[in-house]
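Chain by chain, the residues run as shown.
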Amino acid sequence: MEISNLGASELVSHLSAGHLTAVDCIQYFLQRIEQTNQSLNAFVNISDTALQRAREIDARRASGKPVGPLAGLPIAVKDGICTSGLKTTAGSKMLEQFVPPYDATIVRRLIDADGIVIGKTNMDEFAMGSSTEHSHFGAVKNPWSLDRVPGGSSGGSAACVAADMSPVAIGSDTGGSIRQPASFCGITGLKPTYGRVSRYGLIAFASSLDQIGPMTRTAKDSALILSVIAGHDVKDSTSAKNDVPDFTRSLEKPLTGVRIGICREHFDEGLDPEVESCVREATKVLESLGAATCEIHLPHTPYAVATYYVVAPCEASSNLARYDGVRYTYRAAATDLEQMYCQTRAAGFGDEVKQRIMLGTYALSSGYYDAFYLKASRVRRMIKHDYDQAFGEVDLILGPTSPTTAFSIGEHSHNPLAMYLADIYTVSANLAGVPAISIPAGISASGLPIGLQLQARSFDEGALLQAAHQFQSVTGWHATKPPLYQGPQT
Amino acid sequence: MNSVNESAKEARARVGFDQVTVVIGMEVHVQLATQSKLFCSCSTQFGAPPNTQTCEVCTGMPGSLPVINNQALQLAIKTGLALNCEIARSTKWDRKNYFYPDLPKGYQISQFDKPICGKGYLDIADANGAFEPRRVRLERAHLEEDAGKSIHDESSRGGNSKIDLNRTGTPLLEIVTKPDMRSAAEARAFLTELKLILVYIGVSDCNMQQGSLRCDGNINLHIEFGGQTIATPIVEIKNLNSFRAAERSLTYEARRQFDLWQQCGLTIDDSPKQTRGWNDAQQVTTMQREKEESADYRYFPDPDLIAVSTSEEEIAAIEEQIDRLPAIWREHLSEVYNLKPYDADVIVSQGRGLVDYFREVADQCGDSRIASNWIGQEVLRYLNESGLEIDRYPVAPRQMAELLKRVVSNQLEQTRAKEVLNEMVASQLSVAAAIEKLGIKAVDHDELKSICQQLIDEHPEVAKQIQDGNIKAVGRLVGKARKLNPNANPGLVKDMILKFLGI
Ligand SMILES: [Zn+2]
């Protein structure tokens, strides 16, 4: 059996049918990681219990005992998500030695479904970045071109799926951190509705924006994973009590009658013409599948990045206060308390993190709170209102995921603002809390993937996955692999 | 210039302390009596080995999230209702950001602009009339999580500081008054009454040794001087660990501020708020921080928690759980049981258990004054000496009433009755059994007669004195009667001797 050509859904059905053992499956991917990780740096830690888990699951299945819906499926988990007994660093020197005593709720759910955590993926430190260059453990390379970034902050998760090191990865998305790397690496990445998936165990960057989601080859695979990880969690007060449908069951519904809005503001200046024409092409594909399209407006879009870069650093400045050298973190040598705090945080955090902590601390300070945090919160409500208006007219909103294809490593290192603008189309969904997906929609002339973003009403991930799946039923971009990592030819 | 200053100083020196109004406001932290912590399910039990009552939430592990303990919210609402506070229909949580080693998240979850309890008040009075009754207005009461404990090496050998996070996350209600108290005695009365209410409604054990009740006092002076009112700089006295310390420190601080003002004339406009501590050994306040370090806590809404709304029905249901408060009981004991305010206060101040004990005894023995006297003296003495609460007192109310009935009906005189009570306490006997054990028997009329006759016969000189008009001398014979027969009732003996002597 040629595992490299199989997505998560197919792997699960082959495992279930007995065509493939969990041990063979995990061994294949462990081998892929061993061959590939040195050049990509997608993983920071490999589980040493994965093979054992696979044996247990095979034994359970062989003895006729019940197994979970993901039995034997390898899953890579972003290193900002806590895994009990498995080092979880959030890409930071600060947490270099941190081994959580508990599992994140989604990890628990994946394990309860008999998925196998294969390893932890590299990321921008504390998820702050759009390129995965800002990791204490080194930059991740884009499998499509090793001198390009994979996007970020879930760059390791995106790269490992694209390079066939894991059929599924879990990412987290605060301003585009699932969708933008999915777009840069040519995979499918879903940011669910805020509250759809428990944040318990996700190392917080910006709590009101963070959301965990699947990164897979296909929309169908994302539907499979979302169905397992979604749902209310008593440990997360912000998790929603909404019912969780089986997202895999509505995929085949035709798009007839589905109304798709083309967001005017997402085609303004700054958009790479090649990306634009690709998105226009994709629109035609969706129309051919029966969807009706029209132009819509999200008038406060121009303020989204600025709003995001106030709200997120404010929350981050507080969320990251716990890394003080007292408990589980790195601790710098010092002779008194204040020195310990200062030295620990000076040496334990990277520059990008320190920059955002300073931004947030400043914006929350007495005398500035109203002008920054409070004003940003107001604009945020207006952005949300834009979406409410738009979703009165359409079911989905379509646009590019990112204005460009993957940029070169180091390209934006002296211009953080240019890097921040890479989030221009993605941050609004986080500010409004709505779900959004990025799917592969083309390859640029220079051979880099281009992503298409779809956004939907809160808790309507079903509509996103349905449209994405329909699109993938008639296109082949999602099945196109990076030339460097095509795996053994069949 | 010098002479101008000198004359101002002389003018201040002429101001008497009686021209000073002391202005005091209190901040009280009360640990609510929940089973588990405010945002996790760890136990709040006091005294466990360090760091054994912790989890990923209360130690601030990366990725952990808080979940509100509804019991804490209910106890906070109950407290607010007992303190006449407006109860917020919607309340939210805010982060108070500051670094401290025993604050694991680097912020404390608290309430900034929407506290669970808004404005309220508490009436205070002194049973002896030491000050006029006063209404102390409450600014607010909000819920917050407690920090842990830092244990520093005091040996000066440079040992490591240690941190115990057992207390971290314990629910606290911070109650803040307006600056309405006008003396240290009023502040003490406020604290005493507040504690009494909290214990009555069962929201806290208010154990100050274990830190369940902690208070800080804010104090300054308003001085009539030169035709205007001058305010001295405000001082906050932190961590007053007993009501006595609160009263003494505030008394001391008022005098210190007055002396300082007479010396230097500094007013509130010249000096920022100062934090001082109370040194119990030396009975002085000492400077802790010159200025309020312009503390910027960068409060903002905690994005990990959602706003909580409370319905009218929920509030009504909580209100229903509140039984009569101490003030109502004082009134009740005065009006229904005819006790003097002081006596009513003695009973009510001991807690609800003693009120119930008193009512049962008074109802059954039929004389509330006797019941009050005996409970106020005999029972309380025993409780104070033994350190027990009334529910562990060995004599049940019914037995106490039986005993007092005999006192009321003159079957037992006071001294003997106290012997009986001591026996009941010591041997857990019923009234009848204790009387029998002590050999107490009623002395019949004939025997009493013969005792009296014998005394007159044996002490003719005393009888003569009495007949000559020194009635008081009868006491000497009465005393001797007890030696002849300890059960002889002194009152009856006295009456009979006088009758025999024709007086
Ligand atoms: Zn805990």
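What counts and how
- Residues numbered from 1 in each chain as written.
- Chains lettered and ligands numbered in written order.
- Predicted model: local features only at pLDDT ≥ 70, side-chain atom pairs only at ≥ 80, totals over all residues.
- Heavy atoms only, no water.
- Helix = DSSP H or I, 4+ residues; strand = E, 2+ residues; numbered from the N terminus.
- Buried < 20%, exposed > 50% of the residue type's maximum accessible area, 1.4 Å probe, protein only.
- Contact = heavy atoms within 4.5 Å.
- Areas by Shrake-Rupley, 256 points an atom, 1.4 Å probe, with all protein chains shown as cover.
- Axes fitted to C-alpha atoms, helices over the stretch in contact; angles between N-to-C directions.
- Parallel < 35°, antiparallel > 145°, perpendicular 65-115°, else oblique.
- Left-handed = near helix turned anticlockwise from the far one by under 90°.
- Nonpolar A, V, L, I, M, F, W, Y, C, P; charged D, E, K, R; others polar.
- 1 Å grid on protein atoms, 1.4 Å probe; cavity = no way out; pocket = protein on both sides within 12 Å on 5 of 7 lines; lining within 4 Å.
- Points joined across faces, edges and corners; volume = space filled by probe spheres on them.
- Domains from an automatic or database assignment.
- Pairing = 2+ DSSP bridges.
- Disulfide = S-S within 2.5 Å.

K.L.:
What is the right way to read the overall build of chain A from this model?
P.N.:
Broken down by element type, chain A carries 15 helices and eleven strands. Dimensions of chain A along its principal axes, counting C-alpha atoms only, are 60 × 55 × 45 Å. Burial status across chain A gives 64% buried among its 490 residues. The long-range share in chain A, meaning contacts at least 24 apart out of those at least 6 apart in sequence, stands at 76%. Accessible surface, chain A: about 16800 Å² in total, of which carbon and sulfur atoms supply 52%.

K.L.:
Help me out: how do you make sense of the packing of helix 8 (residues 352–365) of chain B against helix 10 (residues 397–408) of chain B in this one?
P.N.:
For any two helices packed against each other, the geometry is given by the interaxial angle and the distance between the axes. All names here are of chain B. Their axes nearest at 8 Å, the elements helix 8 and helix 10 cross at an angle of 40 degrees. With respect to helix 10, the axis of helix 8 lies oblique. The handedness of the crossing between helix 8 and helix 10 is right-handed. Across from Tyr-357, Glu-360, Val-361, Gln-364 and Cys-365 in helix 8, the residues of helix 10 making contact are Pro-397, Arg-398, Met-400, Ala-401, Leu-404 and Lys-405. The residue inventory of the contact of helix 8 with helix 10, partitioned by class, reads seven nonpolar, one polar and three charged.

K.L.:
Can you walk me through the layout of surface pockets in this structure?
P.N.:
To locate leftover empty space, one rolls a probe as large as a water molecule over the atoms. Of the voids in this model, the second largest pocket is the one considered here, and its volume is about 1200 Å³. Taken together, 40 residues make up the lining of the second largest pocket; nearest its centre are Thr238(A), Pro303(B), Leu305(B), Ile306(B) and Ala307(B). Contributing elements (two or more residues each) for the lining of the second largest pocket: helix 9 (304–319), helix 12 (370–393) and helix 14 (427–432) of chain A together with helix 2 (70–82) of chain B. Among the elements that take part in the lining of the second largest pocket, helix 12 of chain A stands out by supplying seven residues, more than any other. Broken down by class, the residue content of the lining of the second largest pocket amounts to 19 nonpolar, eleven polar and ten charged.

K.L.:
When you look at the domain arrangement of chain B in this model, what are you seeing that I'm missing?
P.N.:
How big an interface is tends to be reported as the loss of accessible area on association of its parts. According to the domain assignment, chain B consists of domain 1 (2–309), domain 2 (326–438) and domain 3 (445–500). With centres defined by C-alpha atoms, the gap from domain 1 of chain B to domain 3 of chain B works out at 66 Å.

K.L.:
Explain empty space enclosed by the protein here, please?
P.N.:
Residues and elements named next belong to chain A. Using the criterion set out here, one finds three cavities of 30 Å³ or more in the structure. Residue composition of the lining of the largest cavity, by class: eight nonpolar, two polar and five charged. In this structure, the second largest cavity spans a volume of roughly 50 Å³. Considering the residues around the second largest cavity, the lining is formed by 13 residues, among which Gly-129, Ser-130, Ser-177, Tyr-308 and Asp-423 are closest to the centre. Of the residues in the lining of the second largest cavity, the class split is five nonpolar, six polar and two charged.

K.L.:
Can you walk me through the sheet that holds strand 3 (residues 116–121) of chain A in this structure?
P.N.:
Residues and elements named next belong to chain A. With mixed pairing, eleven strands are arranged side by side in an open sheet as 1-3-2-4-6-5-10-11-9-7-8. Since the sheet does not close on itself, it has two edges, and those belong to strand 1 (43–46) and strand 8 (292–296), each with one partner. Pairs of neighbouring strands in the sheet enclose a mean axial angle of 30 degrees, with direction left out of account. Where strand 9 (residues 396–400) and strand 11 (residues 449–456) come together, five bridges link them in antiparallel fashion. Residue pairing across strands places Gly-399 opposite Gln-453, the latter belonging to strand 11. Where helix 12 meets the sheet, it contacts strand 7 (259–263), strand 8, strand 9 and strand 11, and its direction lies at approximately 115 degrees from that of strand 9. On the sheet, helix 15 (residues 461–474) packs against strand 5 (188–191), strand 9, strand 10 (436–443) and strand 11 and is oriented at approximately 15 degrees with respect to strand 10.

K.L.:
Looking at this structure, how should I read the state of the cysteines?
P.N.:
Simply put, disulfide is the name for a covalent bond between the sulfur atoms of two cysteines. Residues and elements named next belong to chain A. The tally for this structure, following the rule as stated, stands at zero disulfides over all chains. For Cys-278, which is in no disulfide, the shortest distance to another cysteine sulfur is to Cys-185 and amounts to 16 Å. Judged by relative accessible area, Cys-278 falls into the buried class, the value being 9%.

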